[in-house]
Amino acid sequence: MQTLIFLLLVFLIVIFSILLYIKNKHSRLHKLNSGVCPTCEATTRTFYDENTKTTFKSEAITAKVLRNGGCSGVNDIEYNCKECGLKEVYSQV
């Protein structure tokens, strides 16, 4: 009986840890897509030049397509942070 309870608890812990991992991965991807670094919280900076009346933007996150999957394939996209040097690769449809 104790073995069954122990196995049930271990099974539930494994399931919840997998779900937590997937949730963290998706939240990091959502932050990267919105232009915010998930580790250092760097965002897009906006500068305004008084002399020329021009607004400049400095993006914190750059995205680069590593492998294009074609019409129905999956794209591998690499995200780089200019502030902290974070480099992550995600697959997106």
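Here, the structure is the one placed above.
Attention here is on the structure that accompanies the text. (Residues numbered from 1 in each chain as written. Predicted model: local features only at pLDDT ≥ 70, side-chain atom pairs only at ≥ 80, totals over all residues. Heavy atoms only, no water.)

**Here we look at the overall build of the chain**
Counting secondary structure elements, the chain contains one helix and five strands. Reading the chain from its N terminus to its C terminus gives the helix and strand order α-β-β-β-β-β. Taken over C-alpha atoms, the radius of gyration comes to 20 Å for the chain, far larger than the 12 Å a tight globule of 93 residues would show. C-alpha atoms of the chain, sized along the principal axes, occupy 80 × 35 × 20 Å. (Helix = DSSP H or I, 4+ residues; strand = E, 2+ residues; numbered from the N terminus. Rg over C-alpha atoms; globule rule 2.2 N^0.38 Å.)

**Some points on the nonpolar core**
Listed in full, the 11 residues of the largest apolar core are Leu29, Leu32, Cys37, Ala42, Ala60, Ile61, Ile77, Tyr79, Cys81, Leu86 and Tyr90. Listed by contribution, the elements that provide at least two residues to this core are helix H1 (2-34) and strand E4 (75-81). Broken down by element, this core gets its largest block of residues, three residues, from E4. If we ignore the near neighbours within four places in the chain, the residues touching Leu86 are Arg28, Leu32, Cys37, Pro38, Thr39, Tyr79, Asn80 and Cys81. (Core = buried A, V, L, I, M, F, W, Y, C linked by side-chain atoms within 4.5 Å. Buried < 20%, exposed > 50% of the residue type's maximum accessible area, 1.4 Å probe, protein only. Contact = heavy atoms within 4.5 Å.)

**Considering a nonpolar patch on the surface**
On the surface, Phe6, Leu7, Val10, Val14, Ile18, Tyr21 and Ile22 cluster together to form a nonpolar patch covering roughly 670 Å² of accessible area. Following the sequence through the fold, Ile22 ends up in helix H1. With a relative accessible area of 39%, Ile22 lands in the partly exposed category. (Patch = residues over 30% accessible without salt bridge, like charges linked within 9 Å, V, L, I, M, F, W, Y side chains within 5 Å. Areas by Shrake-Rupley, 256 points an atom, 1.4 Å probe, with all protein chains shown as cover. Salt bridge = Lys/Arg side-chain N within 4 Å of Asp/Glu carboxyl O.)

**Considerations on the side chain of Gln92**
Summarising the element assignment, Gln92 is placed in strand E5 (residues 87-92). Here the side chain of Gln92 touches Tyr79 through a polar contact of 3.1 Å, side chain to side chain. Contact partners of Gln92, with chain neighbours within four places excluded, come to Leu29, Asn33, Val74, Asn75, Ile77 and Tyr79. (Polar contact = N/O pair within 3.5 Å; in protein donor to acceptor, adjacent residues only side chain to side chain.)

**Details of the pairing of strand E2 (residues 54-58)**
In the sheet, strand E1 (residues 45-49) pairs with E2 via five bridges, with the strands oriented antiparallel. Along E2, the bridge assignment pairs Tyr48 with Thr55. Turn length for the E1-E2 hairpin, with the two strands adjacent in sequence and antiparallel, is four residues, and the turn residue Lys53 shows positive phi of about 55 degrees. (Pairing = 2+ DSSP bridges.)

**Points about the pattern of salt bridges**
Taken as a whole and judged by the stated rule, the model has four salt bridges. Salt-bridge contacts for Arg45 lead to Glu83; the nearest nitrogen and oxygen are separated by 3.8 Å. With a gap of 38 residues between them, Arg45 in strand E1 and Glu83 in the loop between E4 and E5 connect regions that are remote in the sequence. Put simply, Asp76 and Arg67 hold a salt bridge, and the shortest N to O gap is 3.3 Å. By relative accessible area, Arg67 is classed as partly exposed at 48%.

None of the figures reported here should be taken as evidence of function without further support.
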